[in-house]
Amino acid sequence: MEALLGTPTNATAIEAIEARIAPLRDRLTTHPLYTAIHTPAHLRIFMESHVFAVWDFMSLLKALQSKLTCVDLPWVPSPFPESRRFISEIVLGEESDQYQGRAISHFELYLEAMSESGADTTPIRSLLSQLSRDRGTFDPSALQAPAAARAFVMATFNTIQRGSISAIAAAFTFGREDVIPDIFRELVRDLHQRGNNLTKFIWYLERHIEVDGEDHGPLSLRMVADLCGDDELLGEEAAFAAESAITARIALWDGIYDSILQAT
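Rules used throughout
Residues numbered from 1 in each chain as written. Predicted model: local features only at pLDDT ≥ 70, side-chain atom pairs only at ≥ 80, totals over all residues. Heavy atoms only, no water. Phe/Tyr/Trp six-rings, centres within 6.5 Å; stacked < 30°, edge-to-face > 60°. Helix = DSSP H or I, 4+ residues; strand = E, 2+ residues; numbered from the N terminus. Buried < 20%, exposed > 50% of the residue type's maximum accessible area, 1.4 Å probe, protein only. Salt bridge = Lys/Arg side-chain N within 4 Å of Asp/Glu carboxyl O.

(A) Fine view of the packing of aromatic side chains. For the structure shown, the criterion picks out ten aromatic pairs. Between Phe184 and Tyr204, the aromatic rings sit 5.9 Å apart at their centres with planes inclined by 50°, giving tilted as the arrangement. Of this pair, Phe184 sits in helix α8 (residues 180–194) while Tyr204 sits in helix α9 (residues 199–228); the two residues are 20 residues apart in sequence, bridging distant segments of the chain. Note on Phe184: relative accessible area 1%, which makes it buried. Residue Tyr204 is classed as buried on the basis of its relative accessible area of 4%. Joined through ring pairs, the aromatic side chains of Phe46, Tyr110, Phe184, Phe201, Tyr204 and Trp253 make up one cluster.

Have a look at this one:
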């Protein structure tokens, strides 16, 4: 693992993207949402929207896996040996982590955490049932979810369906893996201070702070560097996708924050 977590080979491209998204990242990490969650009801409002971001993250991850590795038969090696290793390690952790001795995806654990907190899981479970019957008819714009969550999922699937592989990797990296530790730290700190008994939710947050900060985040940065190389056009596509992903997250946070204020 240590050999994979060094400085990205195309550090200049990564630094350029990080500088470009810095103002947006600052807005995200200082969002008032983190200190607005004062009651169990507030937390349920948060989770009932955020669960859709937890779910569509897996589709973003699987889009990368399908493009960077071979998942068709008969097998042939993909042209991205470094990135296929990175994404395979990330998939293992996200889709089949270990919680109290059992294998579970982070999404499935989040559902359990929602039940633990009393949050309504009916909309997301209805979506899962629908997709189990027929995935081909999924329309993000018709998603039965809070408006801000629906808009977020629409943005994610727009990137999946229309973005280049470097754009998808950048949205995944800068809109998710690289920024998650910072925003989740704010939530964890506040939950611990309030003494809520939310074992699974706090474990979920702390687990992402750990793996995204120490493993997945650095791996994702190397993946973007590997895919962009020295191609300026790919670098620009990646930077635009990163900006779009963080902007979508800010809009999601704005929507949840407004819902909490209206419920207060």
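(B) Spotlight on the pattern of salt bridges. Counted by the stated rule, this structure contains twelve salt bridges. For Glu89, the salt bridge is made with Arg85, and the minimal N-O distance between the two is 3.6 Å. A residue pair is termed a helical-turn pair when its members lie 3 or 4 positions apart in one helix, as Glu89 and Arg85 do in helix α3 (residues 81–95) at four residues. On the basis of relative accessibility, which here comes to 45%, the residue Arg85 falls in the partly exposed class. Counted as one network, the salt bridges with shared partners bring together Arg25, Asp178, Asp182 and Arg185.

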